[in-house]
Amino acid sequence: MTELGLPDAIHACLFDLDGVITKTAAVHAAAWKQTFDAFLRQRDGDSYRPFDDADYDEYVDGRPRADGVRTFLESRDIHLPEGDPGDPPDRQTVNGLGNRKNELFLELIRTRGVEAYDGTIRFIEAVRAAGLRTAVVSSSANCRDVLWSIGAEHLFDVRIDGIVAAERHLPGKPRPDTFLAAAHDLGVEPKAAAVFEDALAGMDAGHSGHFGYIVGVDRVGQADALRAHGADVVVRDLAELGERS
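Per chain, residue numbering runs from 1 following the sequence as it is written. Residues qualify for local features only when their pLDDT is at least 70, as the model is predicted, and side-chain atom pairs are given and counted only at 80 or more; totals for whole chains, interfaces and linings, by contrast, use all residues. Derived side-chain values reflect all non-hydrogen atoms in the structure, with water molecules and hydrogen atoms excluded from consideration.

Focus on the environment of Gly 131
Per the convention used, a helix needs a DSSP run of H or I reaching at least four residues, while a strand needs a run of E reaching at least two, with both numbered from the N terminus. Here Gly 131 lies in the loop between helix 5 (118-129) and strand 2 (133-137). Classification of residues uses two cut-offs on accessible area relative to the type maximum, computed with a 1.4 Å probe and protein chains only: under 20% is buried, over 50% is exposed, and between them is partly exposed. Here Gly 131 falls in the exposed class, since its relative accessible area comes to 60%. Distance from Gly 131 to His 11, taken between C-alpha atoms, is 8.0 Å for residues 120 residues apart in sequence.

Set out below in structure tokens:
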């Protein structure tokens, strides 16, 4: 293992955004809860079963927006028309609900602001100082704006986000395609790249893509689940990796 706590064969690091680099996973979860609870209350009345943390972890976290809507609704045996990506946020379609969630997310970001995890930023700076290449891999269409808001755009050689994935027709996590695209753009084989994820869907993507090392970042007390979904190591903060070398 190197001083960074990574295997010697690793030459590139692929980082998820929300929950790994930035403290925005909780903001996403809050926006999803507002969106789904309002929809379910309107559909089922006051007896509706609220969207909860387990729903977020299992069906939504780490997935592209429309996939998250579709997967959660299927878990409740609810089926909506797909609609179009430009559907207004009050339209009862998969895309409409997704756009409502994004509207709420951006509103929360404007009011709360965005914070980075300092341990992650220091780790990425150390990774780059050691000569390893870096990419951010996120399902979010707001990835670039969020990186800009924390002054971190310059820390990544490659960005594969929701916008790039749509342009390239890449399926999102838990499929490995976005991580594989990042490795390709960095010029490394998957076995020479490490994946850093906090979402179970991201763990699945790293595992099925046969990446060289998968780091689970446990922000919410789900270490066992991260390991079960393919993490080689689980840390609460990336600053712990150097301590393990």
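Observations regarding the pattern of salt bridges
A pair is scored as a salt bridge if a Lys or Arg side-chain nitrogen falls within 4 Å of a carboxyl oxygen belonging to Asp or Glu. If you walk through the whole model with that rule in mind, you get 19 salt bridges. Where Arg 128 meets Asp 157, a salt bridge forms, and the shortest distance between an N and an O atom there is 3.3 Å. Taken together, the positions of Arg 128 in helix 5 and Asp 157 in the loop between helix 6 (143-149) and strand 3 (158-160) put the pair 29 residues apart, joining distant regions of the chain. For Arg 128, a relative accessible area of 28% corresponds to the partly exposed category. With its nearest N and O atoms 2.6 Å apart, the salt bridge here joins Asp 161 to Arg 159. You can call Asp 161 buried: its relative accessible area is 1%. Judged by its relative accessible area of 27%, Arg 159 falls in the partly exposed class. Each member of the salt-bridge network shares a partner with another, and the members are Asp 16, Lys 173 and Glu 197.

Looking at the sheet that holds strand 2
For sheets, the rule is that strands pair by backbone hydrogen bonds, running either parallel or antiparallel. Whether two strands pair depends on DSSP finding at least two bridges between them. Spatially, 6 strands are ordered 3-2-1-4-5-6 in an open sheet, and the strand pairing comes out parallel. A strand with exactly one partner marks an edge of an open sheet, and here the two such strands are strand 3 and strand 6 (233-235). The mean angle between the axes of side-by-side strands here comes to 20°, regardless of whether they run parallel or antiparallel. In the sheet, strand 5 (residues 213-217) pairs with strand 6 via 3 bridges, with the strands oriented parallel. Its bridge partner being in strand 6, Val 217 is matched across the sheet by Val 235. In this analysis, two residues are considered to be in contact whenever any of their non-hydrogen atoms come within 4.5 Å of each other. In this analysis, axes come from line fits to C-alpha atoms, helices being fitted only over the stretch in contact, and the angle between any two N-to-C directions falls in the range 0 to 180 degrees. Running over the sheet, helix 9 (residues 200-208) touches strand 4 (193-197) and strand 5 and is turned about 175° from strand 5.

Comments concerning the packing of aromatic side chains
For Phe, Tyr and Trp, rings pair up if their centres lie within 6.5 Å, where Trp contributes its six-membered ring, and each pair is then called stacked (planes under 30 degrees apart), edge-to-face (over 60) or tilted (otherwise). One pass over the full model with this rule turns up 10 aromatic pairs. An angle of 70° between the planes, with centres 6.3 Å apart, marks the rings of Phe 15 and Phe 156 as edge-to-face. Taken as a pair, Phe 15 in strand 1 (residues 12-15) and Phe 156 in the loop between helix 6 and strand 3 lie far apart in primary sequence, 141 residues in all. Relative accessible area serves as the criterion here: at 0%, Phe 15 is assigned to the buried category. Considering the side-chain rings of Phe 51 and Phe 72, the 5.0 Å spacing of their centres and the 85° angle between planes classify their relative orientation as edge-to-face. Of the two residues, Phe 51 is situated in the loop between helix 1 (25-44) and helix 2 (53-60) and Phe 72 in helix 3 (residues 65-75); the sequence distance between them amounts to 21 residues. Pairwise contacts between aromatic rings join Trp 32, Phe 36, Phe 51, Tyr 59 and Phe 72 into one cluster. As a reminder, the over-ring test applies to NZ of lysine and CZ of arginine, requiring each to be within 6 Å of the ring centre and within 35 degrees of the ring normal. Over the ring of Phe 105 we find Lys 101, and its NZ or CZ is 4.8 Å from the ring centre.

A look at the nonpolar core
Formed by 30 residues in total, the largest nonpolar core has its most connected members in Leu 6, Phe 15, Ile 21, Phe 123, Phe 196 and Leu 238. Counting only elements with at least two residues in this core, the list comes to strand 1, helix 5, helix 6, strand 4, strand 5 and strand 6. Considering every element that reaches this core, the biggest residue donor is helix 5, with 4 residues. By size, the runner-up hydrophobic cluster in this structure holds 18 residues, among which are Val 164, Phe 179, Val 188 and Ala 193. Side-chain atoms within 4.5 Å link the members of a nonpolar core, which is a set of buried Ala, Val, Leu, Ile, Met, Phe, Trp, Tyr and Cys residues.

Examining the pairing of strand 5
Where burial is concerned, most of strand 5 is hidden: 5 out of the 5 residues are buried. Alignment of strand 4 against strand 5, held across 4 bridges, turns out to be parallel. Across the sheet, residue Phe 196 finds its bridge partner in strand 5, namely Val 215. When the strands point away from the viewer and the path from the first strand over the helix to the second turns clockwise, the crossover is right-handed. Handedness of the strand 4-helix 9-strand 5 crossover: right-handed. Each parallel crossover has a hand, and the one from strand 5 via helix 10 (residues 223-228) to strand 6 is right-handed.

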